[in-house]
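Spelled out, the chains give:
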Amino acid sequence: MAEKVTPRNVDYSRWYNDIVLQAKLADYSPVKGAMVIRPNGYAIWENIQQNLDRMFKESGHVNAYFPLLIPESFMQKEAEHVEGFSPECAVVTIAGGQVLEEKLYIRPTSETIIWSMYKKWIMSYRDLPILINQWVNVLRWELRTRLFLRTSEFLWQEGHTAHATYEEAEEETRKILEIYQRFAEEYLAIPVIPGKKTEAEKFAGALHTYSIEAMMQDKKALQSGTSHNLGQNFAKAFDVQFQDKDGQLTYVWATSWGVSTRLIGALIMAHSDDRGLVLPPKMAQQPVVIVPIWKGDDEKQAVMQFSESVFQELKEKYRVIFDDREQYKPGYKFSDWELQGIPLRLEIGPKDVQKNQLVLVRRDTMQKQFAERQGILQRVEAELLQMQTDMLEKARAFRNANTSEVDDYDTFKKIMENDGGFLMCHWCGDPACESKIKDDTKATIRCIPFDRKKEAGKCLVCGGESHGRVLMAKAY
Ligand SMILES: [Zn+2]
């Protein structure tokens, strides 16, 4: 029998780990802080990669590869950047049996090495824009590991673009955030709130940072993608200037943006249940499993023949699992595929064969329905589409039900201590009030939502003037 997943209401954090381990998505590695992504988890990552990569390319971006190792002197060129990243960097000091003359940092992110190259490649306005992305691993030393959510080494994409004007860089920064939002909602079925980060929460070395924020089932926020307008900071640090149309020398404007394997953690926490993983159909490499059910050879022949024909028909469009393992009972197979989050299960027994029908079970609702054999491909198609939409709407309804406006600090503290959730509150803009909230409650300002309405109010902490609400929550 399979191990049991710890129910969410017993221990949310164990529930999460149970799913990651039992659905064989990832495992702990011999090196503390690192993780092994197993084939089931890596298939999800490949799916994320393929879809995002297509969206990046459709918007004019191209892929390249920059080295893993970054000279120490590069890291030190941008003051805020080095201050932000140094504490979590791993550094190579010996290689080939020799102490290196200059230490080499394992990339925590690649702005510095990339801008050292842009200096060689950018001379004139004709060389702009550069719209490069890379799919790589990065390393940020971390001892408190949570599989997918927080590991030292993780996989991500990092886009690094170079532009002639502030406006262009700003447009790019926002365009990418829109791609991230579209991807999160259309593919991951996770509704997100896009907005601007506060000064305290922005990327080290950025002019400003935008993010998308999602709510998990424990009502905590998970930052699911960031896009930074880096201004001219990196161009100045690496002396990257270009000659504009009038022959004037100007520093280049930069952006960077990324999403990582964290998204897999978000996917698990936003949708899964006490039976295991629940995957939106677009994120499942194999969205359908067929389980034939029979006793004795007579039944077997009829059921297998019928099942095989369904398999052949569906195979034209989907990657289908045909579970004809004889060493397992149907009940075991059901819970096995439920744990692994296969979106649609088709059960075929002798009675179904007689009636020329099959039983169809959707993983998100666990609802059983009959489907006619004829037109099964269209029916499966329709169910998967509906499931994708329903999962997004369910997550949105959950988030909305757990979002409220709060104007009083005592109430705020009480809610953060007990139920949690997204609280929309007034804030005066003073970092001191922001850090007091963090110290008192562990909640942070997740973002200043783009679509917030103009509304006069008083800061939750100091009573100072505010022009609109910000999103506050505890976060991963
Ligand atoms: Zn204040």
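Scroll up a little and you will see the structure.
This structure is a prediction, so every number in the text was calculated from the model and none was measured.

Q: Please clarify how the overall build of the chain should be interpreted in this entry.
A: In terms of helices and strands, the chain carries 14 helices and 25 strands. Scaling as 2.2 N^0.38, a compact globule of 476 residues should have a C-alpha radius of gyration of about 23 Å, and the chain matches this with 25 Å. Principal-axis analysis of the C-alpha atoms gives the chain an extent of 85 × 60 × 50 Å. Long-range pairs, those at least 24 residues apart, make up 69% of the contacts in the chain between residues at least 6 apart in sequence. Summed over its atoms, the accessible surface of the chain is roughly 21,900 Å², and 49% of this surface lies on carbon and sulfur atoms. Averaging the locations of the 62 positively and 68 negatively charged side chains of the chain gives two centres separated by 3 Å.

Q: Explanation requested: the coordination of the zinc ion in the structure shown.
A: Ideal geometry at a metal centre gives angles of 109.5 degrees when four donors are arranged tetrahedrally and 90 or 180 degrees when six donors are arranged octahedrally. Around the zinc ion, the protein supplies Cys428 (SG), Cys433 (SG), Cys459 (SG) and Cys462 (SG) as donor atoms, at distances of 2.2 to 2.4 Å. Taken together, the 4 donor atoms coordinating the zinc ion and their angles of 106 to 115 degrees define a geometry best described as tetrahedral. Look at where the donors of the zinc ion fall in the sequence and you get C-x4-C-x25-C-x2-C. Of this pair, Cys428 sits in the loop between strand S21 (422-426) and helix H14 (431-441) while Cys459 sits in the loop between strand S23 (457-458) and strand S24 (465-466), placing them 31 residues apart in sequence. Residue classification places Cys459 among the buried positions, given a relative accessible area of 4%.

Q: What is the right way to read the packing of aromatic side chains from this model?
A: Centre-to-centre distance and the angle between the planes together describe a pair of aromatic rings. Per the stated rule, a full pass over the model turns up 17 aromatic pairs. Measuring from centroid to centroid gives 6.4 Å for Phe56 and Tyr180, while their planes differ by 70 degrees, and the two rings are edge-to-face. Taken as a pair, Phe56 in helix H2 (residues 39-58) and Tyr180 in helix H6 (residues 166-186) lie far apart in primary sequence, 124 residues in all. Given the relative accessible area of 1%, Phe56 is considered buried. With a centroid separation of 5.6 Å and 80 degrees between ring planes, the pair formed by Tyr166 and Trp253 is classed as edge-to-face. On the criterion of sequence distance, the pair formed by Tyr166 in helix H6 and Trp253 in strand S14 (residues 253-260) is long-range, its members being 87 residues apart.

Q: How should I be thinking about the sheet that holds S21 in this particular structure?
A: Within a sheet, each strand pairs with its neighbour through backbone hydrogen bonds, oriented either parallel or antiparallel. The 11 strands are arranged S3-S7-S8-S14-S11-S10-S9-S22-S25-S21-S20 in an open sheet whose pairing can be described as mixed. Where the open sheet ends on each side, the last strands, each with one partner, are strand S3 (62-63) and strand S20 (403-405). Note: S21 against strand S25 (residues 469-473), 4 bridges, orientation antiparallel. Paired with Met424 across the strands is Leu471, a residue of S25. Set on the sheet, helix H8 (residues 262-271) makes contact with strand S11 (221-231) and S14; between it and S11 the angle comes to about 145 degrees. Of the strands in this sheet, S21 and S25 are in contact with helix H13 (residues 409-417), which crosses S21 at around 165 degrees.

Q: Would you mind going over a nonpolar patch on the surface with me for this structure?
A: On the surface, Tyr65, Leu68 and Leu69 cluster together into a nonpolar patch covering about 280 Å² of accessible area. The class of Leu69 is partly exposed, set by a relative accessible area of 33%.

Q: Help me understand the packing of helix H9 (residues 296-315) against helix H12 (residues 376-401) in this model?
A: Axes are the key here: two packed helices are described by the angle between their axes and the distance separating the axes. At a minimum axis separation of 9 Å, H9 and H12 run at an interaxial angle of 60 degrees. By the criterion of interaxial angle, the relationship of H9 to H12 is oblique. Considering how the two elements wind past one another, H9 and H12 form a crossing that is right-handed. Facing H9, whose interface residues are Val310, Glu313 and Leu314, H12 presents Ile376, Leu377 and Val380.

Q: Would you mind going over the pairing of strand S17 (residues 344-348) with me for this structure?
A: Remember that side chains alternate between the two faces of the sheet whenever the strand is regular. The element S17 is largely enclosed, with a buried count of 5 among its 5 residues. Where burial is concerned, the two faces of S17 agree: the one with Leu344, Leu346 and Ile348 and the one with Arg345 and Glu347 are both buried. Taken together, the 5 bridges between strand S15 (residues 288-292) and S17 define a ladder with parallel strand orientation. Bridge pairing in S17 links Pro292 to Ile348. Both S17 and strand S18 (residues 357-362) contribute to a ladder of 4 bridges, which runs antiparallel. Bridge assignment links Arg345 to a residue of S18, and that residue is Val361.

What counts, and at which threshold
Residues numbered from 1 in each chain as written. Predicted model: local features only at pLDDT ≥ 70, side-chain atom pairs only at ≥ 80, totals over all residues. Heavy atoms only, no water. Helix = DSSP H or I, 4+ residues; strand = E, 2+ residues; numbered from the N terminus. Rg over C-alpha atoms; globule rule 2.2 N^0.38 Å. Contact = heavy atoms within 4.5 Å. Areas by Shrake-Rupley, 256 points an atom, 1.4 Å probe, with all protein chains shown as cover. Lys, Arg positive; Asp, Glu negative; His and termini not counted. Charge placed at Lys NZ, Arg CZ, Asp CG, Glu CD. Donors = N, O, S within 2.8 Å, 3.2 Å for Na, K, Ca; no water. Tetrahedral: all angles 85-135°; square planar, octahedral: opposite > 155°, others 65-115°. Buried < 20%, exposed > 50% of the residue type's maximum accessible area, 1.4 Å probe, protein only. Phe/Tyr/Trp six-rings, centres within 6.5 Å; stacked < 30°, edge-to-face > 60°. Pairing = 2+ DSSP bridges. Axes fitted to C-alpha atoms, helices over the stretch in contact; angles between N-to-C directions. Patch = residues over 30% accessible without salt bridge, like charges linked within 9 Å, V, L, I, M, F, W, Y side chains within 5 Å. Salt bridge = Lys/Arg side-chain N within 4 Å of Asp/Glu carboxyl O. Parallel < 35°, antiparallel > 145°, perpendicular 65-115°, else oblique. Left-handed = near helix turned anticlockwise from the far one by under 90°.

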